[in-house]
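Coordinates in review
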Amino acid sequence: MGSDTLGLGPRLTNPSEEPAEQPVDLVEVAGAIKWFDAAKGYGFIVPDGGGPDVLVHVTCLRRDGFTTALEGARIVCEAVKRTKGMQAFRVLSLDLSTAIQPTAPVTRARVSVSPSSGFEAATVKWFNRLRGFGFLTQGEGTPDIFVHMETLRLQGLTELRPGQSVLVRFGDGPKGLMATEVKAPDTPAGKH
């Protein structure tokens, strides 16, 4: 029965009993957000000094006063080594001025399309985040609606999942229907 001189109770003798919230081997990491998926609640940091990416979880961001991270943002954090690699433990600073802004035009998306519809229900047919585009459908026998990654970024979305229900405004593009706005159906469809 161990006692301490401060009267705070028994001392922990086994280092594995230390609370997980107090890691000892913190390493300061500075880098850029490689990607961050708000829906999944995590993303990765590319360290300036090279080496493997560092996992950053939304709970770590929020605990330190940040709501989300955007691709390209500069971040300084303290990270801890976990079994699967480095993970951000504490965010010291997050500079969004270098982030890829949702309104920044992307060369591939410079086609200007005016919407010819209000918000209509659609389903994600497929979407490839790495290629930066996908297609929506309003059902069998209807033309596919092309959706570009930049259109999603303008609405604060980072990706779509096959089978996901969305609301979409679209118009005629050079190769068919093209989405001009996409949002989750949490807003009543009757409000256009």
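Residues numbered from 1 in each chain as written. Predicted model: local features only at pLDDT ≥ 70, side-chain atom pairs only at ≥ 80, totals over all residues. Heavy atoms only, no water.

Under an unreviewed UniProt entry, the name given to the chain is CSD domain-containing protein, and the organism recorded is Azorhizobium oxalatiphilum.

**Points about the nonpolar core**
The biggest cluster of nonpolar side chains holds 18 residues, and the ones touching the most others in it are Ile-33, Phe-36, Ile-45, Val-56, Leu-61 and Leu-94. Only β1 (27-37), β3 (54-57), α1 (58-63), β4 (74-82) and β5 (85-95) provide two or more residues apiece to this core. Sequence-distant contacts of Phe-36, that is, excluding residues within four places in its chain, are made with Gly-41, Tyr-42, Gly-43, Val-56, Val-58, Leu-61, Thr-68, Ala-69, Glu-71 and Thr-158. Core analysis: the second largest hydrophobic core is formed by 15 residues, Met-149, Leu-152, Leu-160 and Ala-179 among them. (Core = buried A, V, L, I, M, F, W, Y, C linked by side-chain atoms within 4.5 Å. Buried < 20%, exposed > 50% of the residue type's maximum accessible area, 1.4 Å probe, protein only. Helix = DSSP H or I, 4+ residues; strand = E, 2+ residues; numbered from the N terminus. Contact = heavy atoms within 4.5 Å.)

**Some words on the pattern of salt bridges**
For the structure shown, the criterion picks out 9 salt bridges. Here Arg-63 and Asp-64 are joined by a salt bridge, their closest N and O atoms 3.8 Å apart. For Arg-63, a relative accessible area of 52% translates into the label exposed. Classification of Asp-64 by relative accessible area gives partly exposed; the value is 25%. The shortest N-O distance in the salt bridge between Lys-125 and Asp-144 comes to 2.9 Å. Residue Lys-125 is found in strand β6 (residues 120-128), and its partner Asp-144 is found in the loop between β7 (133-137) and β8 (145-148); the two are separated by 19 residues along the sequence. Here Lys-125 falls in the partly exposed class, since its relative accessible area comes to 45%. Judged by its relative accessible area of 28%, Asp-144 is partly exposed. It is possible to trace a salt-bridge network through shared partners that takes in Glu-71, Glu-150 and Arg-153. (Salt bridge = Lys/Arg side-chain N within 4 Å of Asp/Glu carboxyl O.)

**Quick word on the side chain of Thr-137**
Mapped onto the secondary structure, Thr-137 falls in strand β7. In terms of polar contacts, Thr-137 uses its side chain to reach the backbone amide nitrogen of Gly-139, at 3.1 Å. Leave out the neighbours within four places in its chain, and Thr-137 touches Ala-122, Thr-123, Lys-125, Thr-142 and Asp-144. (Polar contact = N/O pair within 3.5 Å; in protein donor to acceptor, adjacent residues only side chain to side chain.)

**Concerning the packing of aromatic side chains**
Applying the stated criterion across every chain, the model contains 8 aromatic pairs. Seen from their ring centres, Phe-135 and Phe-146 are 5.6 Å apart, and the 70 degrees between their planes marks the pair as edge-to-face. Taken together, the residues Phe-135 in strand β7 and Phe-146 in strand β8 connect sequence positions 11 residues apart. Look at Phe-135 and you get partly exposed, because its relative accessible area is 22%. Among the aromatic residues, those joined into a ring-pair cluster are Trp-126, Phe-133, Phe-135 and Phe-146. (Phe/Tyr/Trp six-rings, centres within 6.5 Å; stacked < 30°, edge-to-face > 60°.)

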